[in-house]
Amino acid sequence: MSRQTSKTDKKPASKSKKKSTPEAEVVELTPRIRPEPSPEAAPEPTPGPAPQPAATEPTPAYSMARVDMRSWMRDLETAGLLRRIKAEVDWDEEIGALARINLALGGPALLFETIKDYRDTLCTRLMTCGIASRAHVLTLAGLPSDTSDKDLVRHFKDAYRKPIEPRLVETGATKQNILRGDAIDLGQLPVPKWHASDGGRFIDTYCGVITKDPETGRTNVGLYRGMIVGKNRIAKLIIATQGWGGHFGKYQGKAGHMPVAVVHGWHDALPLCAGSPFLKGVEEWDMIGALLGRPVDLVKCETVDLEVPADAEIVVEGYINPDPASFAMEGPFAEYSGHAAHKASPKPVMEVTCLTHRDDPIYRCALEGARPGFPSEDSPLCAYSWSAIAWNMLEDFGIDNVMDVWMPPVATGTNIVVQVRKRYRGHAQQVANALWGTSAGQWFFKNVMVVEEDVDIRDREALDWAMAFKVDAGGGQLLTFGPTFGSVLDPSMPPELADPATYGSGSWTRVLIDATRNWEFERNPEIDGRRVPALNTIDPELERKVRERWSEYGIGVPYLDDEAREMLTLEQMRKVFPEA
Ligand SMILES: Cc1cc2nc3c(=O)[nH]c(=O)nc-3n(C[C@H](O)[C@H](O)[C@H](O)COP(=O)(O)O)c2cc1C
């Protein structure tokens, strides 16, 4: 393939030639997005809260000047979490295979610099695995490696409570090159064919898809897949209950096509938040700002009334026609459930009107489909960002005493475990009902398990034990609800129900496993007024004595850590949770 040059507006961004920093040119274009002081005058940006270096941990090197894909890559590189691959690789399944193996190994982000057929194209480089593991998430959060998973979830939970609005700037590096009309050729981007069973080349896999509600003007940034079906055409999977699905519904039946902008390559906080199920009404730009500790700098698009990050690597602008006659076949795609494929079906098509890009852009994309032993980039998002959002949702619905939330990474949102300090009968049912009523329920929360504080929700063994000894299925502790809306991509569902064009959504029957103590049991004086017998623990005084003498016994293995000691005695827990 050769570099496309015709009809290219070469438009260097204002100010700095090299970095096109739009420092002072902040303009107000929409009421919500406020102009801010120039980044040079502003305090240095800090991603997340102040880094807390541990003795053994290097302080993450944040880029203070700009926040974009390149600053994120520098952060990763400094942390030893990015590799530049110079060996030639094939876009046709080889990159997919490499990403799959690298993710399984907990490897670094991969920047492929030599891609077969893409040595002289508009875009010659590709980055994947940018959020390959919890180490990448810790770098993004600015936290040391000894941070527990619970604290990492809390970090996201707290950050999402502190929105930072974006600001509009005059221009940015993404305007360095502007292609319109015949100059647009999506074949110029090194889009991988990820898996053997895929029906085509999926361009939109780790991007930000931006749309606006035509009635309220409210912006949505989502992460929705798309397959190239022509030089300037992308077929998109639009689910009615998703943020942009709601917008699309308002265009259906009316004159007019839906404007869309797709961002490929900015700081990975963008796809992280775009792919996270915030409640409707929460603006993703604000959440990205919250994670990064600074506002996102946005610029106006060229051909659609939307805003995109000023320094995005590549922006694809266009319109989607709601008329089903314009739809094109899209799929199959080896999807998030870890199964090889799903059937092709007619999907709405984004007709590309403009493509803007930085000089020598880097295309960001990701592999889908996690299964045991083989996580995807969804997996860390699920464990940390999605768990945090679910926790905040429960609080927002007024459910007290939620102590912890965990969405096991490889189940990719389908399963969730919630730990509560049980205060009333029906607490678990209330949790499940709240989760099932959210728009996030589209892809998430098929199976909800609720436990109490004596069960570590990130310990599979503890969950098995809770399932074994705390659940009386016939006594109301295993409930099903459905059919309800749900994933169209879950292969446990009859395939004939998996047609979004017909049904708008899939069909799930949901399950609640209530593994909390059953309050139908009478308090029993024979067991100190408890409903169920106490856990079999060791007296704290005895444990202390054994610990002091441990080396004297000569058993030859290290003693329990503090967490295990507490679980052995429940000394602290019983002060707040006497029934344990
Ligand atoms: C890598 C990745 C790919 C995704 N692909 C899709 C998709 O193709 N279609 C879709 O509706 N949701 C997809 N999702 C899930 C949505 O991004 C997620 O539900 C998010 O909440 C959407 O934003 P919204 O709530 O504003 O609609 C994907 C998520 C990730 C992390």
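What counts as what
Residues numbered from 1 in each chain as written. Predicted model: local features only at pLDDT ≥ 70, side-chain atom pairs only at ≥ 80, totals over all residues. Helix = DSSP H or I, 4+ residues; strand = E, 2+ residues; numbered from the N terminus. Contact = placed C-beta atoms within 7 Å. Near = placed C-beta within 6 Å. Nonpolar A, V, L, I, M, F, W, Y, C, P; charged D, E, K, R; others polar. Core = buried A, V, L, I, M, F, W, Y, C linked by C-beta atoms within 7 Å. Buried ≥ 20, exposed ≤ 12 C-beta atoms within 10 Å, placed from the backbone. Domains from an automatic or database assignment. Axes fitted to C-alpha atoms, helices over the stretch in contact; angles between N-to-C directions. Parallel < 35°, antiparallel > 145°, perpendicular 65-115°, else oblique. Left-handed = near helix turned anticlockwise from the far one by under 90°. Pairing = 2+ DSSP bridges. pLDDT = per-residue confidence, 0-100.

(A) Molecular detail of the overall build of the protein. The helix and strand inventory of the protein stands at 15 helices and 24 strands. Looking at the protein alone, contacts between residues at least 24 apart form 71% of all its contacts between residues at least 6 apart.

(B) Region of interest: the site of the ligand. The local shell around the ligand holds 18 residues, among which Gly222, Arg225, Gln242, Gly243 and Gly275 are the closest. When contributions to the shell around the ligand are tallied by element, the ones reaching two or more residues are strand 9 (219-222) and helix 8 (378-396). For the shell around the ligand, the per-class residue count stands at nine nonpolar, six polar and three charged.

(C) Just the nonpolar core, in detail. Counting residues in each nonpolar core, the largest one holds 152 residues, and the members touching the most others are Val209, Val263, Ala390, Val431 and Val448. No other element matches the 11 residues that helix 8 contributes to this core. Shared between two domains, this core takes at least three residues from each, and those domains are domain 1 (7-364) and domain 2 (397-514).

(D) Local environment of the packing of helix 4 (residues 149-159) against helix 8. With their axes 8 Å apart at the nearest point, helix 4 and helix 8 run at an angle of 60° to one another. By the criterion of interaxial angle, the relationship of helix 4 to helix 8 is oblique. Where helix 4 crosses over helix 8, the handedness of that crossing is right-handed. Two secondary-structure elements touch here, helix 4 through Asp149, Leu152, Val153, Phe156 and Lys157 and helix 8 through Ala383, Tyr384, Ser385, Ser387, Ala388, Trp391 and Asn392. Broken down by class, the residue content of the contact of helix 4 with helix 8 amounts to seven nonpolar, three polar and two charged.

(E) Seen up close, helix 5 (residues 243-251). For helix 5, the complete set of buried residues consists of Gly243, Trp244, Gly245, His247, Phe248 and Tyr251. If you follow the buried residues of helix 5, they end up packed against strand 8 (208-212), strand 9, strand 12 (258-264) and strand 15 (314-320). Once helix 5 ends, the next one or two residues include Gly253, with phi positive near 85°.

(F) Molecular detail of helix 7 (residues 284-292). Judged by how many residues are buried, helix 7 sits mostly within the fold: eight of nine residues are covered. When we look at burial in helix 7, the residues that qualify are Glu284, Trp285, Met287, Ile288, Gly289, Ala290, Leu291 and Leu292. The inward-facing, buried residues of helix 7 contact helix 4, strand 9 and helix 6 (269-274). Just downstream of helix 7 lies Gly293, where phi reads positive at about 75°.

(G) A look at the sheet that holds strand 2 (residues 82-85). Here we have four strands laid out as an open sheet, ordered 2-3-4-19, and mixed in their pairing. Of all the strands in the sheet, just strand 2 and strand 19 (362-364) have a single pairing partner and so form its edges. If you compare each strand with its neighbour and ignore which way they point, the axes differ by 20° on average. Relative to strand 19, strand 4 (residues 125-128) runs parallel, the two sharing three bridges. Of the residues in strand 19, the one forming a bridge with Leu126 is Tyr363. Sheet strands in contact with helix 1 (residues 69-78) are strand 2, strand 3 (109-112) and strand 19, and its direction is about 105° off that of strand 2.

(H) Molecular detail of the sheet that holds strand 13 (residues 297-300). The strand order across the open sheet formed by three strands is 5-13-14, and the pairing between neighbours is mixed. Both outer strands of the open sheet, strand 5 (167-168) and strand 14 (307-309), are each paired with one neighbouring strand and no more.

(I) Spotlight on the pairing of strand 24 (residues 506-514). Pairing of strand 22 (residues 447-451) with strand 24, which is carried by four bridges, proceeds in the parallel orientation. Looking at the pairing, Met449 lines up with Ile513 of strand 24. Pairing of strand 23 (residues 478-486) with strand 24, which is carried by seven bridges, proceeds in the antiparallel orientation. What sits directly across from Gly486, in strand 24, is Gly506.

(J) Representation of unusual backbone geometry within the structure. Of note, the amide linkage connecting Gly331 to Pro332 takes the cis form, showing an omega dihedral of -5°. With respect to the helices and strands, the residue Pro332 is situated in the loop between strand 16 (328-330) and strand 17 (345-347). The linkage connecting Gly482 with the following residue, Pro483, adopts the cis geometry, with an omega of 0°. Relative to the assigned elements, Pro483 resides in strand 23.

(K) The arrangement of the pairing of strand 9 in detail. In strand 9, alternate side chains face the same way, and those of Thr219 and Val221 on one face and Asn220 and Gly222 on the other are all buried. Pairing of strand 8 with strand 9 involves four bridges; the strand directions are antiparallel. Across the sheet, the residue bridging to Val209 is Gly222, located in strand 9. Once strand 8 ends, the chain turns through six residues before running back antiparallel as strand 9, passing Gly217 with a positive phi of about 80°.

(L) Local environment of the environment of Ala196. Tracing the backbone shows Ala196 in the loop between strand 6 (177-180) and strand 7 (202-204). Classification of Ala196 by C-beta neighbours within 10 Å gives exposed; the count is 12. A C-alpha to C-alpha distance of 6.6 Å links Ala196 and Glu93, two positions 103 residues apart in sequence.

(M) Examining the confidence of the model for the protein more closely. On average, residues of the protein score 90 in pLDDT, and 89% of them reach the 70 mark or higher. For residues 34-64, every residue scores under 50 in pLDDT, and the model assigns this stretch 60 contacts once sequence neighbours within four places are set aside.

(N) How the structure looks around the environment of Leu479. On the secondary structure map, Leu479 appears in strand 23. Along the backbone, Leu479 and Val511 are 32 residues apart, and their C-alpha atoms lie at a distance of 5.7 Å.

(O) Summary view of the environment of Arg364. Relative to the helices and strands, Arg364 resides in strand 19. Residue classification places Arg364 among the buried residues on the basis of 28 C-beta atoms within 10 Å. Filtering out sequence-adjacent residues up to four positions away, Arg364 remains in contact with Met69, Met127, Gly130, Tyr206, His264, Gly265 and Glu313.

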